[in-house]
Structures are given as structure tokens and as C-alpha cells.
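Structural features, examined
Here are the chains, one letter per residue:
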Amino acid sequence: MRIALAHGDGIGPEIMDATIELLRAAGCAQAIEFVPVEMGKSVFEKGDSRGMTDAAMATVESCGLLLKGPMETPKGGGGKSINVTARKVWNAFANLRHFRTLPGVATPYSAAGISLDFVIVRENIEDTYGGIEHRLSSDVMQCKRLISAPGSDCVHRFAFETARRLGITKVHCGHKANIMKMTDGLFLERFRTVAAEYPEIETADVIVDALCMNLVMKPQQYRMIVLPNLQGDIVSDLAAGLVGGLGFAPSANIGSQISIFEAVHGTAPDIAGKGIANPCSLILSTLMLLRHVGLVGRAARLENALLASLEQGVRTGDFGDRSKPALGTMDFARAVAQRLGQRPSAIEPVREGEDRLVAKPPVRPSKPIVLRTMKVAQSAIVGADLYLDSDQPSEALAPALESLAAGTPFRLTLISNRGTQVWPTGSVYTECVDYWRARFELRPGSGPADQGHVVALLSAVAKRYTVCSHELLRTFDGKPGYSLAQGQ
Ligand code: NAI
């Protein structure tokens, strides 16, 4: 089996070398050939904004599996995150993270005798991670948040399949559908639809803010939580904190053809090159990789050795019993390798079954794939929201916009600012910024509208204002496909 291997930046090469050494000691070299690929900082520095070479892309696409170290992303301006790019271009739609109490890793919960063991499945491609951002006016920036039915279905189905495989009997959906009724509403509705295919699994939903509190107050009530991308990103780091920090949180990015396994933490520039980084997160991620391809026997042997090591106080400097010596990254891996064959005694060891290779090389799609979930709805244009860059107040905008729309089938029905209605009614206390939404709807008695009418409206309004963008107001099978403004 060929697996593409990217060492990563910062502490990446250190923790990767230690992990590979451990895999070798566990006899994985007989089953796996690692194929090095060039990705990350060195590629960005050569001017390739993708952060990976053509050869690296070809290797990952032929192997279908990538084990990667953390990679540096410039903050704010500069190149896009290579980590997000890799998940998105290869459609690794589900991020799977396992959080559990580990021996030798002290947390407030372990001190209280509370043992944690739960899984978070995060949607990995959509949401604000589309990275579709624009400057709209002098003062306003926008990030577009996209949630699709097929994208939600993929992650929910993966979550339920994983729950079934792991014997998890209850799955929660975390969301913010009380506020984002259309986007998170769709994510939740698809959760319920897919759940119907798994009647043996109990389901519940929880609003993400309450989920965060519950996770701190009583984390043991959860076994699996599925979340949209950004909320899942935040909640999974919170969850990592419950079990001892990012150094112990493994992560798998699962796609239908290509999957990526990586540590959750970043490149830790503050300790890079010192040989002191904790390799546990990458080792645990690699165990997920071994299980994914069916090397369950080797994974269990390795995991038992790791658990036994942690139990015996084997540690790097960032955790554990300070009275025991802190090992460097490679020595930590060697200490685990020396314990191959041992099992933890204070906790249940992992059952050591037989390896059964199940991974298949990816099947290259013969044509571009367009996913569809819903039946094609009958849609009709009933208006348009025009977004304007202007520092005029709504009292000045309204009459001007009404007269500009005079020759079109549309009339101005509302103006909102930052989502709150400010015209025709509103509160003087609503503070506004220099970016407005003007909603135009069909005049009573006007016939059906088409995009030509909207373009005519746009061009009339653009004579006087900067129209940054527009959204069609459409009904789908007679139901409005747009939300009301706050206060409307
Ligand atoms: P970070 O996770 O690299 O570091 C946060 C803190 O945790 C630092 O004090 C660091 O020393 C410590 N730490 C992290 N991993 C550790 C380990 N294995 N052993 C011991 N201590 C460890 O997060 P930060 O500083 O926000 O990000 C640094 C860079 O990493 C950025 O360029 C960021 O974009 C990138 N990054 C990459 C990820 C990936 O490749 N999947 C994920 C997260 C961040």
C-alpha cells in the first residue's frame, strides 16, 4: 500500500520522523510504502500559491492517502491555508476527531475520576471555509457562508456509518439554526433526514453555544457530535482542551476517494527545531490511518504500547508527571517502541484483532462530479436584494431608490443595515454602517419577472449608487427562498 507522506513545517519533520520510526518498529514497513511529497512552506516560498507541487498532487491522487505534518499558514494576508486547500481539492468532506481520557495525561476531569470518550465529526469543506471574502465598502468586509444539501448529507452519512461501526448509540447534531435558519436549518434538516436511515441510533440536536457549556459542565453525556465546519473547528479544539490539549487530539479528514491524516495542532514555531515536541497527536492520527486501511491489528498493538507508556509516565515536556524525566520527541517514540507488546493495566487495553487490508486505490472520476440531493424545484423571481456602498442615511436612500426603480416592475419594500430593518420602520437607536441592503419586490399586479428585469433595476440603481452585489429573491415551489430582515 502506498501512502503519500508530507513532513510539514516547524515541528512537523520532528514529529513525523518519530512517528515513522515507531511505525517501522511495529512492522508497518512490510505493509506500507511511504512516498514523500513536497508540500507547505518550501513550495509557497518557491512562488507556488497552491503550496504543493504538481508531482505532489499526482502522488496524493494516485495513493488516495496522505499522512501530513502541520503546515504553516500566513495569518491575515498572503497565501491560503494549504491544510484547508488539501481538504477541499480532494473532497475530504468529513473531519473525524476522537477525544478521550488518556492515562498519564492529567486534566480536571481525570482528577475528578471522570473518563471521557467521544467523537466529533465536522463538515470539512463548506461554511465560511469556502474562503469567499470581499471588501464591500470602506468599512465592511464579507465572508460568504455556503451550506449545501449534498455536502451536509455526505458528512451526516459518514457520521452515522462511523457511529454504527464504533457501536455508538447516540449522535448529536450541533448547530445555530435558531439564528441561521436557512443555512444551519438545512444542515439540521439533512441530519434528521439521514438519521431516518439509521433507526437503531438515537439522535438529538443541540445549539452550539449550549453545547460548549455542556461540554465543560458534563462532557461525558456525549458520544458523537456532528457539526458544520466553523462551529466544528471551534468545538473540537474545546474538546481537545478537555482531554489534555491539542497534543493529544488525532484527526482524520475522510473523503470518498482521498483521505488525509494529520495532527490537530500547528507547526509550533516557538519550539521548532528543539526536538522537544510531543508526537502523540500525530501518532494517534496515524493509528486512525492504520485502522482506515484495515491494519487494525498493528494499530491496536501500537495503541496499547502508547497507552502503557503514558501510564508508566513516559512523557514529553509539555505534559505528565513533572517528577519523571521529560523525553525528547524521538526518545518518546523509541520509549513507546520498546513497549510494543505491553498493554495498559489501569484502563481497558484495546482488543488486538487481525489485520485485514480494506483500502483500495482511488478511482479517478471520468468526468467532473456535480452532486444533487433535492428534486429540481420550480423557482420564480419575485424581487431582488441590492447591496449598496453608501454613506447616506436610509431617509435619503429610500426616496432616491424609489424613484430610480420607477420604470421597473419592482418597488422598494425595505432597507436594512447589518441585517436590521431601518426603513420603512426601525429604531433611531440602530447604528448603521456604510453598506446597505435595499429590497425590491414585485409591485402588486406586476407579471412574472425574469433576470432581465432585475438587470434593468440594477442598471437603474447603478446610475446613482455603487451596487456591490445583488441576490435574486426567488420562491422555490412557492416557498420564499430568502429570510426576513431582523425587525421586519
Ligand atoms: P500551534 O498548534 O502550532 O501552537 C500553539 C501552542 O501549542 C504553542 O505554544 C506550541 O508550542 C504548542 N504546541 C503545539 N503542538 C505541540 C506539540 N506537538 N508539542 C508540544 N507543544 C505543542 O498553533 P499556532 O501557533 O496558532 O499556529 C502555528 C502555525 O501552524 C500557523 O502557521 C498555523 O496556521 C499552523 N497550523 C497548521 C495546522 C495544520 O497543519 N493542520 C493546524 C493549526 C495551525
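The rules behind these values
Residues numbered from 1 in each chain as written. Predicted model: local features only at pLDDT ≥ 70, side-chain atom pairs only at ≥ 80, totals over all residues. Heavy atoms only, no water. Core = buried A, V, L, I, M, F, W, Y, C linked by side-chain atoms within 4.5 Å. Buried < 20%, exposed > 50% of the residue type's maximum accessible area, 1.4 Å probe, protein only. Helix = DSSP H or I, 4+ residues; strand = E, 2+ residues; numbered from the N terminus. Domains from an automatic or database assignment. Contact = heavy atoms within 4.5 Å. Buried area = accessible area lost by both parts, 1.4 Å probe. Salt bridge = Lys/Arg side-chain N within 4 Å of Asp/Glu carboxyl O. Polar contact = N/O pair within 3.5 Å; in protein donor to acceptor, adjacent residues only side chain to side chain. Axes fitted to C-alpha atoms, helices over the stretch in contact; angles between N-to-C directions. Parallel < 35°, antiparallel > 145°, perpendicular 65-115°, else oblique. Nonpolar A, V, L, I, M, F, W, Y, C, P; charged D, E, K, R; others polar. Near = heavy atom within 4 Å. Areas by Shrake-Rupley, 256 points an atom, 1.4 Å probe, with all protein chains shown as cover. Pairing = 2+ DSSP bridges. Expected span 1.5 Å × (residues − 1). Arc of directions from axis to C-beta.

Details of the nonpolar core
Counting 73 residues, the largest nonpolar core has Leu67, Val121, Val226, Leu290, Leu302 and Phe332 as the members making the most contacts within it. The element that contributes the greatest number of residues to this core is helix H10 (residues 280-293), accounting for nine residues. Both domain 1 (1-90 + 254-369) and domain 2 (117-242) contribute no fewer than three residues apiece to this core. If we ignore the near neighbours within four places in the chain, the residues touching Leu290 are Leu23, Cys28, Ile32, Leu295, Val296, Ala299 and Leu302. In this structure, Phe410, Ala449, Leu458 and Val461 belong to the second largest nonpolar core, which totals 25 residues.

Some words on the domain arrangement of the protein
Interface size is often expressed as the accessible area that is lost when the parts come together. Assigned domains within the protein: domain 1 (1-90 + 254-369), domain 2 (117-242) and domain 3 (379-480). The gap between the C-alpha centroids of domain 2 and domain 3 is 33 Å. If you look at the interface, domain 2 gives seven residues, while domain 3 gives six residues. Taken over both partners, the interface formed by domain 2 and domain 3 buries close to 500 Å², and the fraction arising from carbon and sulfur atoms is 54%. Together, Leu136, Ser137 and Val140 form the three largest contributors to the area buried by domain 2 at its contact with domain 3, with a combined 66%. Applying the counting criterion to the domain 2 and domain 3 interface returns one salt bridge. Close ionic contact of Glu471 with Lys144 constitutes a salt bridge, the shortest N to O distance being 3.8 Å. In this structure, the connection of domain 2 to domain 3 is made through three residue pairs in polar contact (both at pLDDT 80 or more).

Notes on the packing of helix H8 (residues 208-217) against helix H9 (residues 229-242)
Axis separation between H8 and H9 bottoms out at 10 Å; the angle between their running directions is 5°. Relative to H9, H8 is oriented roughly parallel. Between H8 and H9, the residues in contact are Val208, Leu211, Cys212, Leu215 and Val216 and Gln231, Val235, Leu238 and Leu242, respectively. Considering only residue class, the contact of H8 with H9 consists of eight nonpolar, one polar and no charged.

Describing the site of the ligand
Around the ligand, a shell composed of 19 residues is seen, among which Met71, Gly266, Ala268, Asp270 and Asn278 lie nearest. Here an oxygen atom of the ligand and a side-chain polar atom of Asn83 are 2.9 Å apart. The separation between a nitrogen atom of the ligand and a polar side-chain atom of Glu262 is 3.2 Å. Protein contacts shield 70% of the accessible area of the ligand, which totals 810 Å² for the unbound molecule.

What to know about the sheet that holds strand S9 (residues 202-207)
As a general point, the strands of a sheet are linked pairwise by backbone hydrogen bonds and lie either parallel or antiparallel. Taken together, the 10 strands give an open sheet; going across it, the order is S2-S1-S3-S12-S11-S4-S5-S10-S8-S9, and neighbouring strands pair in mixed fashion. The strands lining the two open edges of the sheet, one partner per strand, are strand S2 (33-36) and S9. For this sheet the average axis-to-axis angle between neighbouring strands, irrespective of direction, equals 25°. Sheet topology note: the strand S5 (residues 117-123)/strand S10 (residues 224-227) ladder contains four bridges and is parallel. The residue bridging Arg122 from the neighbouring strand is Leu227, located in S10. Those strands touched by H9 are strand S4 (94-100), S5, strand S8 (170-175) and S10, and its axis lies near 160° from that of S5.

Some thoughts on the pattern of salt bridges
In total, this model carries 29 salt bridges according to the counting rule given. In this structure, Glu21 and Arg334 form a salt bridge, with 3.1 Å as the shortest nitrogen-oxygen distance. Of this pair, Glu21 sits in helix H1 (residues 12-25) while Arg334 sits in helix H12 (residues 329-338), placing them 313 residues apart in sequence. The class of Glu21 is partly exposed, set by a relative accessible area of 28%. A relative accessible area of 38% means that Arg334 is categorised as partly exposed. The salt bridge partner of Asp233 is Arg122, with a shortest N-O separation of 3.5 Å. Placement of Asp233 in helix H9 and of Arg122 in strand S5 is noted, with a sequence separation of 111 residues between them. By relative accessible area, which is 22% here, Asp233 ends up partly exposed. If you follow the salt bridges from partner to partner, you end up with Glu21, Asp331 and Arg334 in one network.

A closer look at the pairing of S5
Where burial is concerned, most of S5 is hidden: six out of the seven residues are buried. One ladder, built from seven bridges, connects S4 with S5; its direction is antiparallel. When the bridges of S5 are listed, Arg100 appears paired with Asp117.

Structural notes on the environment of Gly245
Tracing the chain through its elements places Gly245 in the loop between H9 and strand S11 (250-254). On the accessibility criterion, Gly245 (18% relative accessible area) is buried. In this structure, the C-alpha to C-alpha distance between Gly245 and Leu5, residues 240 residues apart in sequence, is 25 Å.

What about helix H4 (residues 82-89)?
Considered for burial, the residues of H4 that qualify are Ile82, Asn83, Val84, Ala86 and Arg87. Considering only its buried residues, H4 is in contact with helix H2 (41-45), strand S3 (65-68), S5, S11 and strand S12 (259-263). A side-chain oxygen of the first residue of H4 lies 3.2 Å from the backbone nitrogen of Asn83; this N-cap is Ser81.

What to know about helix H14 (residues 451-462)
Side chains that are three or four residues apart share a direction in an α-helix, a result of its 3.6 residues per turn. An ideal rise of 1.5 Å per residue puts 16 Å on 12 residues; H14 measures up with 16 Å between its terminal C-alpha atoms. By the burial criterion, the buried members of H14 are Val454, Leu457, Leu458, Ala460 and Val461. Around the axis of H14, the buried residues are gathered within 165° of arc, so they sit on the same side. Residues of H14 that are buried in the fold lie against strand S13 (379-389), helix H13 (394-404), strand S14 (410-417), strand S16 (435-442) and strand S17 (466-476). Of the residues flanking the start of H14, the one acting as N-cap is Asp450, its side-chain oxygen 2.9 Å from the backbone nitrogen of Gly452.

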